[in-house]
Amino acid sequence: MNKNRFNLRRCWSLLIGDLRNNHKDILLLAGVAFLVFIGVAIFSVFTPTMTMTSVPGMTISAVQAAAISALSNLGLATTVAEAVIFSRVFANMSTRSGEVSYLMLPATNSEKWLSRVAYVLLVGFVLILAIYYVSLYCCGLIGRLFDMESLALLPSLDNSYFTEMFHFDMPKNINLINALSSFFFAAAFIFGGTCFRRLPWLYTALILLATLFVILVVGGGFGMHYLLDGNAQLQLKEAAQAGQLNEMFNIMMPWLFTVSIVCGVLGVVMLWLSYRLFCRRQLEARKIRFIVK
């Protein structure tokens with residue numbers, strides 16, 4: 001067997017080794033995330049940011065407003081948890097000794113890099129998403145036991161609930177847009193975790209927020225002006241004033257689809273750059289080992 005070629009079995013062994021060595025930390029993370037999610041939902045229910053709102057063809061009650069606020073804050077907490085975990089893709093190399101020890105393992109660069117990416121995706125996406133849904137249904141159970149309508153309503157707040165509430169038909173390409181944006185999000189924080197050794201989630205988030213601000217201020221206006229003609233822009237403004245979500249999304253879909261495709265391409269580029277930076281760290285570790293010898 002050629003040790004210089006990618007081997008799935010070696011990559012799998014590295015992944016299992018990381019899961020086995022960090023199983024206590026993973027269980028602690030799961031417990032803390034579950035308690036935080038429950039706390040965020042309960043706190044949001046008692047301090048809703050939304051009030052009874054009237055929109056053409058729709059009325060939101062106080063109970064619905066509290067439930068939507070709790071669901072929104074739960075989504076925000078989940079996003080933050082995922083960002084922190086994704087950015088810790090190479091947390092095992094935060095010290096010089098840990099970096100040299102990991103990079104000197106008898107495996108190829110691609111196997112080491114891919115095993116760590118798979119590790120943070122399993123913990124940060126699969127596990128956190130599972131905890132999110134478990135906490136959601138636990139909140140629903142707590143709401144039923146203690147007669148809290150807003151908490152009891154949380155498990156039923158799915159896509160069909162919102163489409164019926166807002167009289168809104170889900171666009172055809174919305175699943176593709178969500179998938180590409182999620183891929184970009186994960187790739188961005190994995191790349192940030194490769195670039196920064198300390199507080200990678202914070203530096204990556206600040207860069208993304210600054211980039212988003214520039215895009216919204218500069219690119220948003222020019223991009224929509226280029227993709228939407230004057231008639232479409234006028235229709236969009238009228239639909240927004242009338243609260244016609246279907247019409248708004250139909251007009252905005254070309255722009256949203258283009259942005260999602262760009263995000264998907266950027267995500268691939270950032271993963272490739274993350275791998276290249278990891279390979280450079282491998283070379284540096286070999287130089288350090290040679291000097292020590």
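Residues numbered from 1 in each chain as written. Predicted model: local features only at pLDDT ≥ 70, side-chain atom pairs only at ≥ 80, totals over all residues. Heavy atoms only, no water.

Quick word on the packing of helix α2 (residues 23–46) against helix α5 (residues 109–145)
Thought 1: Running from amino to carboxyl end, α2 crosses α5 at an angle of 40 degrees, the nearest separation of the two axes being 9 Å. Relative to α5, the element α2 is oriented oblique. In the packing of α2 onto α5, the handedness of the crossing is right-handed. In contact with Ile 26, Leu 29, Ala 30, Ala 33, Phe 34, Phe 37, Ile 38 and Ala 41 of α2, α5 contributes Tyr 119, Val 123, Leu 127, Ile 128, Ile 131, Tyr 132, Val 134, Ser 135, Cys 138, Cys 139 and Ile 142. (Axes fitted to C-alpha atoms, helices over the stretch in contact; angles between N-to-C directions. Helix = DSSP H or I, 4+ residues; strand = E, 2+ residues; numbered from the N terminus. Parallel < 35°, antiparallel > 145°, perpendicular 65-115°, else oblique. Left-handed = near helix turned anticlockwise from the far one by under 90°. Contact = heavy atoms within 4.5 Å.)

Observations concerning the side chain of Thr 194
Thought 1: Relative to the helices and strands, Thr 194 is located in helix α8 (residues 174–195).
Thought 2: Classification of Thr 194 by relative accessible area gives buried; the value is 5%.
Thought 3: Apart from residues no more than four positions distant in its own chain, Thr 194 is found in contact with Val 89, Phe 90, Ser 274, Leu 277, Phe 278 and Arg 281. (Buried < 20%, exposed > 50% of the residue type's maximum accessible area, 1.4 Å probe, protein only.)

Considerations on unusual backbone geometry
Thought 1: Notably, Asp 147 is not glycine yet its phi reads approximately 55 degrees, a positive angle.
Thought 2: Structurally, Asp 147 can be placed in the loop between α5 and α6 (149–153).
Thought 3: Despite not being glycine, Leu 199 shows a phi value in the positive range, around 45 degrees.
Thought 4: Here Leu 199 is to be found in the loop between α8 and α9 (200–227).

Remarks on a nonpolar patch on the surface
Thought 1: There is a patch of nonpolar side chains on the surface, built from Leu 199, Trp 201, Leu 202, Tyr 203, Leu 206, Leu 209, Leu 212 and Leu 216 and spanning about 760 Å² of accessible area.
Thought 2: In this structure, Leu 206 sits in helix α9. (Patch = residues over 30% accessible without salt bridge, like charges linked within 9 Å, V, L, I, M, F, W, Y side chains within 5 Å. Areas by Shrake-Rupley, 256 points an atom, 1.4 Å probe, with all protein chains shown as cover. Salt bridge = Lys/Arg side-chain N within 4 Å of Asp/Glu carboxyl O.)

Remarks on the confidence of the model for the chain
In regions of low pLDDT, the predicted coordinates are not meant to be interpreted in detail.
Thought 1: With 76% of its residues at a pLDDT of 70 or more, the chain shows a mean pLDDT of 81.
Thought 2: The element-level mean pLDDT for the chain is lowest in strand β1 (residues 53–55), coming to 47, with α5 highest at 94.
Thought 3: For residues 50–56, every residue scores under 50 in pLDDT, and the model assigns this stretch 11 contacts once sequence neighbours within four places are set aside.
Thought 4: For the stretch residues 238–243, pLDDT sits under 50, and the model shows 5 contacts to residues farther than four places along the chain or on other chains. (pLDDT = per-residue confidence, 0-100.)

Here's the deal with the pattern of salt bridges
Thought 1: This structure, assessed with the given rule, holds 2 salt bridges.
Thought 2: We note a salt bridge from Arg 10 to Glu 111, for which the minimum N-O separation is 2.8 Å. One end of the pair, Arg 10, is in helix α1 (residues 8–21); the other, Glu 111, is in helix α5, with 101 residues separating them in the sequence.
Thought 3: Taking the relative accessible area as the measure of exposure, Glu 111 reaches 0% and is therefore buried.
Thought 4: The shortest N-O distance in the salt bridge between Asp 18 and Arg 116 comes to 3.3 Å. With a gap of 98 residues between them, Asp 18 in helix α1 and Arg 116 in helix α5 connect regions that are remote in the sequence.
Thought 5: We classify Asp 18 as buried; its relative accessible area is 10%.

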